[in-house]
Amino acid sequence: MMPIATINPATGETLKTFTPLTDGELEAKLAKAKTAFEAHRRTSFAQRAQWMNAAADILEARKGEFAAIMTVEMGKTLKSAVAEVEKCALVCRYYAEKAPEFLADVPVQTDASTSFVRYQPIGPVLAVMPWNFPFWQVFRFAAPALMAGNVGLLKHASNVPQCALAIEEIFLKAGLPEGAFQTLLVGADKVAQIIADDRVMAATLTGSEPAGASLAANCGKQIKKTVLELGGSDPFIVLESADLEAAVATATTARMINNGQSCIAAKRFIVSEAIADEFERRLVAKFQALKVGDPMQPDTDIGPLATPGILQDIDNQVQACIKTGARVPVGGKPLSDRPGNFYPPTLLTDIPPGASAYNEEFFGPVAMLFRVKDIDAAIQLANSTPFGLGASAWTQVKAEANRLIEEIEAGAVFINGMVKSDPRLPFGGIKRSGYGRELSSQGIHEFVNIKTVWVK
Ligand code: NAP
């Protein structure tokens, strides 16, 4: 099991370790969550919105401080961490404003004198969260959950405990009552026990497939609702008519964002044969121009991977792919000239059909390039993985865009743009990328009782 600790991925240095909660401490927190819910469910939207906007104010006022915690714990560049904190403030303000509208009674005409749908909070919700966007993943769960009148219990990834504690502090300082949002410093081995507790009403997990499957199985035994946001191997399709310069620039960002560790990163580049050589040349040039190094420095593009295990995994995947006969025009092995978990931007191409890379998620700065003869082959290849999170497709032909929108198996399709999350748009996947949605109106409806009311 992973220790709960801050280990700087740029140096390998252990900066701080934490003792997991005892069963007694955990019990006290669950009891507090239940008590807090009884009060929180009765608060007005106006009151909740005031707390949520106060949380946004704190995030904005202290963004440099929170960003530095993220960078030290998981290695993202400081500038991207600052942007992440700002996005968290945005989602707080978004739900502060929109929750009353999303959760208003919905009148329905029936044989009753009055009938309507009312959305009510369900209670304490457990959120099991990953380290890759250690603030954003939590806020995109917490803002709608708290605005709906639920209370939150956070089991964050073991390598980002200081992020987890900072988030709890933000909500407390914002004025939310004690117990409305609590961080549980526990390992993954405690999750089943927490789910089995009668006071916990539902759970959401963002992370890997095995973790999601385990959480959902445990919730299934208890008849508790789940939302799962799991892995992806998003296609990035570039057809012949595409604006190549824009596609290559976006392709680089879409793969390298967060040091390559994003669920919705573009991972498989599926390019029309007619333009593939040019696309490859330009992509290699862009990859070579990226600066790998200290994530605290403003001119760094790519920091270290979050843990030595992730570095090892990505290296194993790349070496296995090379063994099948793939070509590596750039990158291909860990940077061994320094401490820390550094891996260079890497491109794999000419991957033989049948190689396991076709079905795997590469969670690091490694792109795969596939050449296809036409749009039919592009769609077929795009859909040929177990995943279905996002997809980006580039074309200037309207009919092609329409086919891609209709036929790509994914929770999101972005035409001529990069897949990204936005509070105004629902976010989530299909197939083994999970189920349920976060953000937008759909997200806030995941953890509410949809109560039917009929009055004679
Ligand atoms: P992970 O190992 O699954 O960890 C995620 C969280 O789950 C952590 O809090 C972890 O706790 C916990 N966990 C691990 N095993 C568990 C189990 N058996 N039961 C209950 N909880 C468990 O994920 P990761 O590998 O760090 O994260 C990367 C993955 O997340 C990638 O596949 C990525 O695509 C996916 N992801 C998806 C989204 C999305 O929105 N779809 C967003 C971001 C990331 P410990 O840290 O204590 O082990």
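Secondary structure assignment for the protein chain yields 14 helices and 18 strands. The C-alpha radius of gyration of the protein chain comes to 23 Å, within 12% of the 23 Å expected for a compact globule of 456 residues. With the C-alpha coordinates of the protein chain rotated into their principal frame, the extents come out at 65 × 60 × 40 Å. Here the protein chain holds 456 residues, and 57% of them are scored as buried. In the protein chain, of all internal contacts separated by at least 6 residues, the share reaching a separation of at least 24 is 72%. A total accessible area of about 18,200 Å² is found for the protein chain, and carbon and sulfur atoms account for 55% of it. Positive and negative side-chain charges in the protein chain, numbering 45 and 49 respectively, have mean positions lying 4 Å apart.

Further remarks concern unusual backbone geometry. Of note in this structure, K431 is not a glycine but carries a positive phi near 55°. Positioned with a positive phi, L439 is a non-glycine residue whose angle comes to about 70°. Tracing the backbone shows L439 in the loop between β17 (434–435) and α14 (440–444).

Moving on to the sheet that holds strand β8 (residues 202–206). An order of β7-β6-β5-β8-β9-β17 is seen for the 6 strands of this open sheet, with the pairing classed as mixed. One side of each edge strand has no neighbouring strand; the edge strands of this open sheet are β7 (181–183) and β17. In the sheet, strand β5 (residues 124–128) pairs with β8 via 4 bridges, with the strands oriented parallel. From the neighbouring strand, V125 faces β8, where its bridge partner is A202. Along the sheet, helix α6 (residues 161–173) contacts β6 (151–155) and β7; its crossing angle with β7, the most-contacted strand, is approximately 160°. Sheet contacts for helix α8 (residues 209–221): β5, β8, β9 (225–229) and β17; angle to β9, the most-contacted strand, approximately 175°.

A word on the pattern of salt bridges. Counted according to the given criterion, the structure contains 34 salt bridges. The salt bridge involving E101 is made with K98; its shortest N-O contact spans 3.7 Å. On the criterion of helical spacing, the pair formed by E101 and K98 is a turn pair, its members being 3 residues apart in helix α4 (residues 78–102). Overall, K98 belongs to the partly exposed group, its relative accessible area being 23%. For D105, the salt bridge goes to R118, with nearest N and O atoms at 2.7 Å. Of this pair, D105 sits in the loop between α4 and β3 (106–107) while R118 sits in strand β4 (residues 114–121), and the two are 13 residues apart along the sequence. Put simply, E245, E278, R281, R282 and K286 are held in one network by salt bridges that share partners.

This part takes up the domain arrangement of the protein chain. Domain annotation of the protein chain identifies domain 1 (5–230 + 433–455) and domain 2 (234–422). The straight-line distance from the C-alpha centre of domain 1 to that of domain 2 is 30 Å. Contacts between the two partners involve 24 residues from domain 1 and, on the opposite side, 29 residues from domain 2. Carbon and sulfur atoms supply 56% of the area buried between domain 1 and domain 2, which totals about 2,000 Å² over both sides.

In this section: the nonpolar core. Counting 123 residues, the largest nonpolar core has L59, L126, F135, F139, F171 and I351 as the members making the most contacts within it. Element by element, the count of residues in this core is highest for α4, at 11 residues. Counting residues domain by domain, this core receives three or more from each of domain 1 (5–230 + 433–455) and domain 2 (234–422). For F135, the contacting residues outside a window of four places in its chain are L59, F66, M70, E84, C88, C163, A166, I167 and I170.

Let us look at the environment of G179. Relative to the elements of secondary structure, G179 occurs in the loop between α6 and β7. The exposure class assigned to G179 is buried, which follows from its relative accessible area of 5%. Expressed as a C-alpha distance, the spacing of G179 and T324, which sit 145 residues apart in the sequence, is 53 Å. Residue contacts for G179: discarding those within four places in its chain leaves K32, A33, A36 and V151.

Right, let's get into the site of the ligand. Near the ligand lie 27 residues; those nearest to it are W131, S158, S208, L230 and E361. A distance of 2.5 Å separates an oxygen atom of the ligand from a polar side-chain atom of W131. Listed by contribution, the elements that provide at least two residues to the shell around the ligand are α5 (136–147), β8 and α8. Tallied by class, residues from the shell around the ligand come to 13 nonpolar, 10 polar and 4 charged. There are two domains that each give the shell around the ligand at least three residues, and those are domain 1 (5–230 + 433–455) and domain 2 (234–422).

Following the sequence through the fold, F171 ends up in helix α6. The buried category is assigned to F171, whose relative accessible area is 1%. Taking the C-alpha atoms as reference points, F171 and G24, separated by 147 residues in sequence, lie 24 Å from one another. Not counting chain neighbours up to four residues away, the residues in contact with F171 comprise M52, A55, F139, A142, L146, L176 and F181.

Take helix α10 (residues 273–289) next. For α10, spanning 17 residues, the distance from its first C-alpha to its last is 25 Å, which sits close to the expected 24 Å at 1.5 Å a residue. Where α10 is buried, its residues contact β10 (234–238), α9 (244–256), β11 (266–272), β12 (327–330), β13 (346–349) and β14 (366–372).

So, how was this worked out
Residues numbered from 1 in each chain as written. Predicted model: local features only at pLDDT ≥ 70, side-chain atom pairs only at ≥ 80, totals over all residues. Heavy atoms only, no water. Helix = DSSP H or I, 4+ residues; strand = E, 2+ residues; numbered from the N terminus. Rg over C-alpha atoms; globule rule 2.2 N^0.38 Å. Buried < 20%, exposed > 50% of the residue type's maximum accessible area, 1.4 Å probe, protein only. Contact = heavy atoms within 4.5 Å. Areas by Shrake-Rupley, 256 points an atom, 1.4 Å probe, with all protein chains shown as cover. Lys, Arg positive; Asp, Glu negative; His and termini not counted. Charge placed at Lys NZ, Arg CZ, Asp CG, Glu CD. Pairing = 2+ DSSP bridges. Axes fitted to C-alpha atoms, helices over the stretch in contact; angles between N-to-C directions. Salt bridge = Lys/Arg side-chain N within 4 Å of Asp/Glu carboxyl O. Domains from an automatic or database assignment. Buried area = accessible area lost by both parts, 1.4 Å probe. Core = buried A, V, L, I, M, F, W, Y, C linked by side-chain atoms within 4.5 Å. Near = heavy atom within 4 Å. Polar contact = N/O pair within 3.5 Å; in protein donor to acceptor, adjacent residues only side chain to side chain. Nonpolar A, V, L, I, M, F, W, Y, C, P; charged D, E, K, R; others polar. Expected span 1.5 Å × (residues − 1).

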